[in-house]
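Fold and geometry: a report
Each chain, letter by letter, is given below.
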Amino acid sequence: MATVGKANLSAKLVLLGDMGAGKSSLVLRFVKGQFVEFQESTIGAAFFSQTLAVSDATVKFEIWDTAVSAAAAIVVYDITRMESFERAKKWVQELQKQGNTNMVTALAGNKCDLEEKRMVVTEEACTYADENGLLFMETSAKTAINVNDIFYEIARRLPRAQPAQQPAGMVLADRPAERSQISTCCS
Ligand code: GDP
Ligand code: MG
């Protein structure tokens, strides 16, 4: 079999969600492996980048706080605040209105370390995510649970064809999007 190197992808990713849901904290955990208890609130146009290798590709995430022309989005809510879940649904609607069907969208129920303060039931969020074609995980920027994993699953689902970055004449087998075989919460 011909050796085809891993694809090198670059993907713009945006985090959306209620103030205080933990967007900056998830990015800080993913990019720097850190958590701060009193995260200062954002920071104009924050920009970070981080590279992840998945089996068939190396993905460089460029993480922005605006949704314009993003390839991927993580909509974040705080599992201890029902309003933040309702806000998250509004963000999902907004994204759906933009009609970018190629966008990989994930729903993150953040602060899952605060189980004793939980207000949003896992199954409810999971069912909502299934109905809306979203990847879903409960995360904690504090303990790092599912933080790398959510970015990793997004990286796996990004469209592989990026003609501009492929050597001329090379034909890439375009794999169909793998539909959630990972078990997140529903099982
Ligand atoms: P943003 O407004 O969505 O960017 O939220 P921040 O990242 O600024 O986080 C808001 C607050 O929640 C900060 O005090 C964080 O320390 C805290 N926080 C963020 N993620 C978590 C988490 O997973 N668990 C806990 N316990 N606190 C978190
Ligand atoms: Mg922030």
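Since we're looking at a predicted model, the values are computed, not measured. (Residues numbered from 1 in each chain as written. Chains lettered and ligands numbered in written order. Predicted model: local features only at pLDDT ≥ 70, side-chain atom pairs only at ≥ 80, totals over all residues. Heavy atoms only, no water.)

Before going further, it helps to examine unusual backbone geometry. The residue Lys111 is not glycine, and still its phi comes out positive at about 70 degrees. Within the secondary structure, Lys111 sits in the loop between strand 5 (104-110) and helix 3 (122-131). Of note in the backbone geometry, Asn146 takes a positive phi value of approximately 60 degrees without being a glycine. Inspection of the secondary structure assignment puts Asn146 in the loop between strand 6 (135-138) and helix 4 (147-157). Overall, Asn146 belongs to the partly exposed group, its relative accessible area being 25%. (Helix = DSSP H or I, 4+ residues; strand = E, 2+ residues; numbered from the N terminus. Buried < 20%, exposed > 50% of the residue type's maximum accessible area, 1.4 Å probe, protein only.)

Here we take up the packing of aromatic side chains. Aromatic rings in a pair are described by how distant their centres are and how their planes are angled relative to each other. Applying the stated criterion across every chain, the model contains 5 aromatic pairs. Plain terms: the ring middles of Phe30 and Phe151 are 3.6 Å apart, the flat faces sit at 0 degrees to each other, and that makes the pair stacked. With Phe30 in helix 1 (residues 23-32) and Phe151 in helix 4, this residue pair connects regions lying 121 residues apart in the sequence. With respect to class, Phe30 is no different from Phe151; both count as buried. Relative to Phe151, the ring of Phe61 has its centre 5.7 Å away and its plane inclined at 70 degrees; by these criteria the two rings are edge-to-face. A residue pair is termed long-range when its members are at least 10 positions apart, and Phe61 in strand 3 (residues 57-64) and Phe151 in helix 4 qualify at 90 residues. (Phe/Tyr/Trp six-rings, centres within 6.5 Å; stacked < 30°, edge-to-face > 60°.)

With that out of the way, let us pick up the nonpolar core. By size, the foremost hydrophobic cluster in this structure holds 31 residues, and its most contacted members are Leu13, Phe61, Ile63, Ile74, Phe151, Ile154 and Leu158. Elements supplying a minimum of two residues to this core: strand 1 (7-17), helix 1, strand 2 (48-54), strand 3, strand 4 (72-78), strand 5, strand 6 and helix 4. Residues within four places of Leu158 in sequence aside, it is in contact with Leu9, Ala11, Val59, Phe61, Ala71, Ala72 and Val104. Listed in part, the 21 residues of the second largest apolar core include Leu16, Ile79, Ala88 and Cys126. (Core = buried A, V, L, I, M, F, W, Y, C linked by side-chain atoms within 4.5 Å. Contact = heavy atoms within 4.5 Å.)

It is worth spelling out the pattern of salt bridges at this point. Counted according to the given criterion, the structure contains 11 salt bridges. Across the pair Arg160 and Asp56 runs a salt bridge, and its minimum N-O distance is 2.8 Å. Here Arg160, found in the segment after helix 4, pairs with Asp56, found in the loop between strand 2 and strand 3; they are 104 residues apart in sequence, far enough to count as distant. Under the relative-accessibility criterion, Arg160 is labelled buried at 9%. On the accessibility criterion, Asp56 (22% relative accessible area) is partly exposed. Note that Glu86 and Lys89 form a salt bridge whose closest N and O atoms lie 3.9 Å from each other. Here Glu86 and its partner Lys89 are both found in helix 2 (residues 82-98), 3 residues apart, which amounts to about one turn of the helix. (Salt bridge = Lys/Arg side-chain N within 4 Å of Asp/Glu carboxyl O.)

The next point concerns the sheet that holds strand 4. Remark on secondary structure: sheet strands pair via backbone hydrogen bonds, oriented parallel or antiparallel. On the basis of which strands lie adjacent, the open sheet formed by 6 strands has the order 2-3-1-4-5-6 and mixed pairing. Here the strands that pair on one side only, and so sit at the sheet edges, are strand 2 and strand 6. Shown here is a sheet whose adjacent strand axes are inclined to one another by a mean of 25 degrees, direction ignored. Together, strand 1, strand 4 and strand 5 form the strand contacts of helix 2, whose direction differs from that of strand 4 by roughly 160 degrees. Here helix 4 sits on the sheet in contact with strand 1, strand 2, strand 3, strand 4, strand 5 and strand 6, set at roughly 70 degrees to strand 2. (Pairing = 2+ DSSP bridges. Axes fitted to C-alpha atoms, helices over the stretch in contact; angles between N-to-C directions.)

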